[in-house]
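Residues per chain are reported as follows:
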Amino acid sequence: MPPSIASTQRSWRGYVLLLALACCWSSTYPLTKIGLGSIPPITFISARSLIAAAFLLVILYARGLRLPTDAKAWKLFAQQQSINSTIPFLMITWAQQYVPASSAVVLASTTPIFAFLITWGITRHEPATLLKLVGAILGLAGTAAIIGLDAVSGLSKDVFAEIVILIATLSFACATIFGLRLTEYDPMVVAAGSLLFGGFVLLPVSLIVDHPWALRPTAEALAATVAMGIFSSAFGLMLFYMCLSRLGTLTTNAQGYLRIPIGVGLSVLLLGESVPANLALGLVLVMAGVAAMTIPGDRYGKWINRLRGR
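This section reports on the structure supplied with the text. (Residues numbered from 1 in each chain as written. Predicted model: local features only at pLDDT ≥ 70, side-chain atom pairs only at ≥ 80, totals over all residues. Heavy atoms only, no water.)

## Topic: the overall build of the chain
Line of reasoning, step 1. What the chain contains, in helices and strands, is 15 helices and zero strands.
Line of reasoning, step 2. Residues classed as buried in the chain amount to 48% of the 310 residues present.
Line of reasoning, step 3. Look at the contacts in the chain between residues 6 or more apart in sequence, and 90% of them connect residues 24 or more apart.
Line of reasoning, step 4. For the chain, the accessible surface area stands at approximately 14,900 Å², while carbon and sulfur atoms represent 70% of it. (Helix = DSSP H or I, 4+ residues; strand = E, 2+ residues; numbered from the N terminus. Buried < 20%, exposed > 50% of the residue type's maximum accessible area, 1.4 Å probe, protein only. Contact = heavy atoms within 4.5 Å. Areas by Shrake-Rupley, 256 points an atom, 1.4 Å probe, with all protein chains shown as cover.)

## Description of the side chain of Gln80
Line of reasoning, step 1. Along the polypeptide, Gln80 turns up in helix 4 (residues 71–95).
Line of reasoning, step 2. On the accessibility criterion, Gln80 (0% relative accessible area) is buried.
Line of reasoning, step 3. Ignoring sequence-local partners within four residues, the contact set of Gln80 consists of Ser85, Ala175, Phe178, Gly179, Arg181, Leu182, Phe240 and Tyr241.

## A word on the side chain of Thr43
Line of reasoning, step 1. Of note, Thr43 is situated in helix 3 (residues 41–63).
Line of reasoning, step 2. Judged by relative accessible area, Thr43 falls into the buried class, the value being 10%.
Line of reasoning, step 3. Dropping the residues within four chain positions of it, Thr43 is found in contact with Ser206, Asp210, Pro212 and Leu215.

## Points about a nonpolar patch on the surface
Line of reasoning, step 1. Nonpolar side chains collect at one region of the surface, where Val205, Leu207, Ile208, Val209 and Trp213 lie side by side and expose about 520 Å² of accessible area between them.
Line of reasoning, step 2. Mapped onto the elements of the fold, Val209 is located in helix 10 (residues 187–209).
Line of reasoning, step 3. Overall, Val209 belongs to the exposed group, its relative accessible area being 52%. (Patch = residues over 30% accessible without salt bridge, like charges linked within 9 Å, V, L, I, M, F, W, Y side chains within 5 Å. Salt bridge = Lys/Arg side-chain N within 4 Å of Asp/Glu carboxyl O.)

## Some points on helix 6 (residues 111–123)
One turn of the α-helix equals 3.6 residues, which is why residues spaced by three or four share an orientation.
Line of reasoning, step 1. Along helix 6, the residues that are buried comprise Thr111, Pro112, Ile113, Ala115, Phe116, Ile118 and Thr119.
Line of reasoning, step 2. With its phi angle positive at about 50°, Arg124 sits one or two positions after the end of helix 6.

## Some words on the packing of helix 4 against helix 11 (residues 219–247)
Line of reasoning, step 1. Where helix 4 meets helix 11, the closest approach of the two axes is 13 Å, and the angle between their N-to-C directions is 110°. Here helix 4 lies roughly perpendicular to helix 11, going by the angle between them. Every pair of crossing elements has a handedness; the one defined by helix 4 and helix 11 is right-handed. Each of Gln80, Gln81 and Asn84 in helix 4 lies in contact with helix 11, whose residues at this interface are Leu237, Phe240 and Tyr241.
Line of reasoning, step 2. Residue composition of the contact of helix 4 with helix 11, by class: three nonpolar, three polar and no charged. (Axes fitted to C-alpha atoms, helices over the stretch in contact; angles between N-to-C directions. Parallel < 35°, antiparallel > 145°, perpendicular 65-115°, else oblique. Left-handed = near helix turned anticlockwise from the far one by under 90°. Nonpolar A, V, L, I, M, F, W, Y, C, P; charged D, E, K, R; others polar.)

## Some words on the packing of aromatic side chains
Line of reasoning, step 1. Across all of its chains, the model carries seven aromatic pairs by this definition.
Line of reasoning, step 2. When the ring of Phe89 is compared with that of Phe172, the centres are 5.6 Å apart and the planes differ by 65°; the resulting orientation is edge-to-face. Remark: Phe172 occurs in helix 9 (residues 159–178) and Phe89 occurs in helix 4; sequence separation between them is 83 residues.
Line of reasoning, step 3. Ring geometry for Phe240 versus Tyr241: centroids 5.0 Å apart, planes at 70°, classification edge-to-face. Tyr241 matches Phe240 in its accessibility class, with the two residues each being buried.
Line of reasoning, step 4. Aromatic ring contacts, followed pair by pair, group Trp25, Phe240 and Tyr241 into a single cluster.
Line of reasoning, step 5. Sitting over the ring of Phe89, Arg48 keeps its end group 4.5 Å from the ring centre. (Phe/Tyr/Trp six-rings, centres within 6.5 Å; stacked < 30°, edge-to-face > 60°. Lys NZ or Arg CZ within 6 Å of the ring centre and 35° of its normal.)

## Observations concerning unusual backbone geometry
Line of reasoning, step 1. Positive phi outside glycine occurs at His211, with the angle close to 50°.
Line of reasoning, step 2. Within the secondary structure, His211 is located in the loop between helix 10 and helix 11.

## Some words on the pattern of salt bridges
When charged atoms on two side chains of opposite charge get close, those side chains can pair.
Line of reasoning, step 1. Within the structure shown, the criterion is met by two salt bridges.
Line of reasoning, step 2. The closest approach of N and O atoms between Lys72 and Glu184, which form a salt bridge, is 4.0 Å. Linking Lys72 in helix 4 with Glu184 in the loop between helix 9 and helix 10, this pair joins segments that are 112 residues apart in sequence.
Line of reasoning, step 3. Classification of Glu184 by relative accessible area gives exposed; the value is 57%.

## Quick word on the packing of helix 3 against helix 4
Line of reasoning, step 1. Packing of helix 3 against helix 4 leaves a shortest axis separation of 10 Å and a crossing angle of 150°. Overall, the two elements helix 3 and helix 4 adopt an arrangement that is roughly antiparallel. Taken as a pair, helix 3 and helix 4 cross one another with a handedness that is right-handed. Contact residues: helix 3 offers Pro41, Ile42, Ile45, Arg48 and Ser49, while helix 4 offers Gln81, Ser85, Phe89, Leu90 and Thr93.
Line of reasoning, step 2. Counted by class, the contact of helix 3 with helix 4 contains five nonpolar, four polar and one charged residues.

## Details of the nonpolar core
Line of reasoning, step 1. By size, the foremost hydrophobic cluster in this structure holds 33 residues, and its most contacted members are Leu56, Leu182, Leu237, Phe240 and Tyr241.
Line of reasoning, step 2. Within the residue set of this core, elements represented by two or more residues are helix 1 (3–26), helix 3, helix 4, helix 10 and helix 11.
Line of reasoning, step 3. Considering each element in turn, this core owes the most residues, ten residues, to helix 11.
Line of reasoning, step 4. Beyond its immediate stretch of four places on either side in the chain, Leu56 contacts Met188, Ala191, Ala192, Leu195 and Ala234. (Core = buried A, V, L, I, M, F, W, Y, C linked by side-chain atoms within 4.5 Å.)

Rendered as structure tokens:
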């Protein structure tokens, strides 16, 4: 196969993975809302992590793979899971008691901007171009348009809780950068090890605080927990590390904007929520932002030359 065709196929496969990741993680919004209806946050997060880990361990066993036993690997798994899931999810869950859901979504959508600033100012592990910054800003504007101006105007009503969400978002951005340290491992191994650590860390807290044996979760909440464990956590985290190794941190972060319209669609379908008035405008801005962050800059020049007939 000619190099140019092979490169194009790899590129498209990477973008398909990015879209699949956005679909997996966008289900987090409606499934969390259903699950938290009768399951406390700590127990919910621990349960979905352990369900996801068990699911991946079965697949790993079938593939003939095993989790590493060395301390170095588990140290990396623990660090990555802490900054990519356990700590930021607990922070956002607490803050959502005081910040409207729509405002929380807008604040949480700043991850690509934080990733850009960290890459541009500190790590410089990949090119942080002006085009990618424009894409991050367009994506944030599209998110605000989809959620509605009320979400933006509702900010600063509880500054401390909003700062907590931004710190959690900064943690997500750092996780996409530090996650590059794990590219030597199979993505499924990383996902299983990280989720197993996260689930067992929160399990004692759940037993002490929530007394899960006394809970009476609904069938819908249990189904949401299992679905979130398999799709959002297991497949989502595996796809996340696959995207990191193929597309880099800034492009992988672009899926944060794709999650918004997909999540809104799932909320309309599963929860019966109304369709946002500015959905079309928001989608245009989001797609423009994602394109700016993911498509290499030299391709724009080639397309322009083709349009000009050169």
